[in-house]
Amino acid sequence: MPVKGMGVTGVKLSEGRALTGDSVHVAQANDSTDGEKHGFIEKIKAYFKESNTEKRHKRFDFSVIGGPHYSSDTKLGLGLVAAGFYRKNIADSLTTPSNVSLYGDISTVGFWLIGVRGDHIFPQDNQRLDYNVYFYSFPRHFWGIGYAAGSEASDYTDYRELYLRASVDYLFRIGRAFYMGPAAEFQRSVAKDITPDNLYRWNGEKLNCANAGIGFRVQYDSRDNLTAATSGFYCALEQRYFPSFTGNMPKDFGYSELSLRFYRGVWKGGVLAGAYHARLSYGEVPWSQLSTFGGSSTMRGYYEGRFRDKGEMDITFELRQHVYRRNGLAVWAGAGTVFPRFSAMRFRHILPNAGIGYRWEFKSRTNVRVDFGVGRGETAFIFSINEAF
């Protein structure tokens, strides 16, 4: 950072001293400075060059990366991710390593986020602890509830959402690649700064929603890796129940969620991945807990929350191709929809999705990705770490 009295004036003063006989001293000082600068740059280059080398001799392999990004919802922003892999027993090279990520973001529209997520793998992978805790403040758009409300891309209202979510699943292995265990979740969402003539979009619901839920998760997981799988199959069924006494909502509600994923090598450096996701909620579901898609993981290209209702389904097929050294590309196509109940699903409400992305291997089996997604009536750039699924 420039300091008053330094910069160009300082350089001229040094040059003047060099002309009066102090040239040897000044030259040595300049060489030292250049050496320090050169050494710092070389250290940065070496850091990124070696960041994707798996360090089995270390109990905890930790790296940090950050940079600018742009998306249609957050606009220009700066993201920072600190990702780490660790093993309790460094001699155990067969068990999938545990992973943890600290992440933060800030953007020009006043969006900011901070969170931590990870998968802790116990010895011999007999137990798993999956967790994700994050908080954000986001000046968002709200279209309303149902497919019809979100079908007009430009018909929305602005509001600020304060959102906190904490979830944890504790899974026990009950068979080869089978896991099952209890789950808990807490969510709080507050809608602020809404103009009175736009309150109708919330259908009279509370703008401050807080709920705690419990449930279970059954999972089959034969993936070769949790962060960038190249083979295997994943199936998870989750059930959550939110009693009214755990929050400020008048009645109970819940949801069921199904995730199916597969990964298969198709040729050298190429992986075909597929994902199917469905989420069905029931009871008096608050607006903040309705099923939706969009953002950085599902139906990339759509604004997250534009379409929301009690039910949601989406499917995606993605081809990932290693290109050269640490660089790769991905292309995908998919479709999805929302609905209040199964009988109300309509073929004409199915929304298309497609996109292309760039991959850079930041760490071994951990990709930094830049995606460009296209939806009906909108597009989005996404900067994130790890694959979308």
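All of these numbers come straight from a predicted model, not from anything done at the bench.

Scoring rules and cut-offs
- Here, residues in each chain are numbered from 1, in the same order as that chain's written sequence.
- Local features in this predicted model are restricted to residues of pLDDT 70 or higher, and side-chain atom pairs are both shown and tallied only at a pLDDT of 80 or more, whereas totals for entire chains, interfaces and linings draw on every residue.
- Values reported for side chains reflect all heavy atoms of the structure, with hydrogen atoms and water molecules removed beforehand.
- Helix and strand assignments come from DSSP, with helices taken as H or I runs of at least 4 residues and strands as E runs of at least 2, each series counted from the N terminus.
- Accessibility here uses a 1.4 Å probe with only protein chains present; expressed as a share of the type maximum, an area under 20% marks a residue as buried, one over 50% as exposed, and anything in between as partly exposed.
- Space inside and on the surface of the protein is sampled on a 1 Å grid over the protein atoms alone, with a cavity defined as a set of points where a 1.4 Å probe fits but cannot get out and a pocket as an open set with protein on both sides within 12 Å along at least 5 of 7 lines; lining residues have an atom within 4 Å of a point.
- Grid points are joined across faces, edges and corners, and a volume is the space filled by probe spheres set on the points.
- Candidate patch residues must exceed 30% relative accessible area and have no salt bridge, after which like charges are joined if within 9 Å and Val, Leu, Ile, Met, Phe, Trp or Tyr side chains if within 5 Å.
- Here the accessible surface of atoms and residues is derived via Shrake-Rupley with a 1.4 Å probe, and residues count as covered only by protein chains that are part of the display.
- Any carboxyl oxygen of Asp or Glu that lies within 4 Å of a side-chain nitrogen of Lys or Arg is treated as forming a salt bridge with it.
- Aromatic rings from Phe, Tyr and Trp, with only the six-membered ring used for Trp, were paired whenever their centres fell within 6.5 Å, and each pair was classed as stacked if the ring planes differed by under 30 degrees, edge-to-face if by over 60, and tilted otherwise.
- A ring is considered to have a charge above it if a Lys NZ or an Arg CZ atom is located within 6 Å of its centre and within 35 degrees of its normal.
- Here the rule is simple: two strands pair whenever DSSP picks up at least two bridges between them.
- Two residues qualify as a contact provided that any one of their heavy atoms is within 4.5 Å of a heavy atom in the partner residue.
- Here, nonpolar core refers to any group of buried Ala, Val, Leu, Ile, Met, Phe, Trp, Tyr and Cys residues whose side-chain atoms link them within 4.5 Å.

Chemist: Let's hear about unusual backbone geometry: which residues, and what values?
Modeler: Of note in the backbone geometry, Asp125 takes a positive phi value of approximately 55° without being a glycine. Looking at the element boundaries, Asp125 is found in the loop between strand S4 (112-121) and strand S5 (127-142). At Ala177, a residue that is not glycine, the phi angle is positive and equals roughly 70°. With respect to the element layout, Ala177 can be found in the loop between strand S6 (157-175) and strand S7 (178-192). The exposure class of Ala177 is buried, given its relative accessible area of 12%.

Chemist: So what's going on with empty space enclosed by the protein? Residues and values would help.
Modeler: Leftover empty space is mapped by rolling, across the atoms, a probe with the size of a water molecule. Counting across every chain of the model gives two cavities of 30 Å³ or more. In this structure, the second largest cavity occupies an estimated 40 Å³ of space. If you go around the second largest cavity, the residues you meet are Ala83, Gly84, Phe85, Asn99, Val100, Ser101, Thr227, Thr366 and Asn386. Taken together, the elements giving at least two residues each to the lining of the second largest cavity come down to strand S2 (75-86) and strand S3 (98-107).

Chemist: Could you give an account of a nonpolar patch on the surface, naming the residues involved and the relevant values?
Modeler: Judged by side-chain polarity, Tyr70, Leu76, Val323, Tyr324, Leu329, Tyr358, Val370 and Phe381 come together as a nonpolar surface patch covering roughly 760 Å² of accessible area. With respect to the secondary-structure elements, Phe381 resides in strand S18 (residues 378-385). A relative accessible area of 40% means that Phe381 is categorised as partly exposed.

Chemist: So, the pattern of salt bridges: which residues are in play, and what are the values?
Modeler: By the definition in use, this model includes 20 salt bridges. A salt bridge links Arg128 to Asp125; its shortest N-O distance comes to 3.0 Å. Comparing Arg128 with Asp125 shows no difference in burial state: the two are buried. Here Glu161 makes a salt bridge to Arg140, at a shortest N to O gap of 3.0 Å. Taken together, the residues Glu161 in strand S6 and Arg140 in strand S5 connect sequence positions 21 residues apart. Grouping residues by exposure puts Glu161 and Arg140 together as buried. One continuous salt-bridge network, built from bridges that share partners, spans Asp130, Arg165, Asp169, Glu185, Arg217, Glu238 and Arg240.

Chemist: Can you tell me about the packing of aromatic side chains, naming the residues and giving the values?
Modeler: Evaluation of the coordinates by the stated rule reveals 29 aromatic pairs. A ring pair is formed by Tyr159 and Trp287, whose centres lie 6.2 Å apart and whose planes are at 80°; its orientation type is edge-to-face. Remark: Trp287 occurs in the loop between strand S11 (270-283) and strand S12 (291-292) and Tyr159 occurs in strand S6; sequence separation between them is 128 residues. For the residue pair Tyr159 and Trp287, the accessibility class agrees, reading buried in each case. The structure contains a cluster of three or more aromatic residues connected by ring pairs, namely Phe111, Tyr134, Tyr136, Phe138 and Tyr163. Over the ring of Tyr103 we find Arg117, and its NZ or CZ is 4.4 Å from the ring centre. Its guanidinium or amino end placed over the ring of Trp332, Arg300 lies 3.8 Å from that ring's centre, counting from NZ or CZ.

Chemist: Summarise the pairing of strand S16 (residues 351-363); cite the residues concerned and give the values.
Modeler: Note: strand S15 (residues 327-339) against S16, ten bridges, orientation antiparallel. For Asn327, the partnering residue across the bridge sits in S16 and is Trp360. Hairpin geometry of S16 and strand S17 (residues 366-375) is characterised by an intervening segment of two residues between the two adjacent antiparallel strands and by a positive phi of about 65° at Arg365.

Chemist: Can you tell me about the environment of Val218, naming the residues and giving the values?
Modeler: Looking at where Val218 falls in the secondary structure, it is placed in strand S8 (residues 208-221). Between the alpha carbons of Val218 and Pro182 there is a distance of 9.0 Å; along the sequence they are 36 residues apart. Among all residues touching Val218, those that are not within four sequence positions of it are Tyr179, Met180, Cys235, Ala236 and Leu237.

Chemist: Which residues make up the side chain of Gln289, and what values do they have?
Modeler: Inspection of the secondary structure puts Gln289 in the loop between S11 and S12. Using a relative accessible area of 3% as the deciding quantity, one classes Gln289 as buried. Not counting the four nearest positions on each side in its chain, Gln289 is found in contact with Glu185, Gln187, Phe242, Phe253 and Arg279.

Chemist: So, the nonpolar core: which residues are in play, and what are the values?
Modeler: By size, the foremost hydrophobic cluster in this structure holds 15 residues, and its most contacted members are Tyr136 and Phe362. Those elements giving two or more residues to this core turn out to be S2 and S5. Per-element tally for this core: the top contributor is S5, with three residues. Within the second largest apolar cluster, eight residues are counted, among which are Phe142, Tyr159, Ala191 and Trp202.

Chemist: How would you sum up the pairing of strand S14 (residues 311-324)? Please name residues and give values.
Modeler: Pairing geometry for S11 and S14, over eleven bridges, is antiparallel. Each residue of the ladder has a partner; that of Gly270, found in S14, is Gln321. Relative to S15, S14 is paired through 13 bridges, and the arrangement is antiparallel. Paired with Leu319 across the two strands is Val331, which belongs to S15. Counted along the chain from S14 to the antiparallel partner S15, the turn is two residues long, and its residue Arg325 has a positive phi close to 50°.

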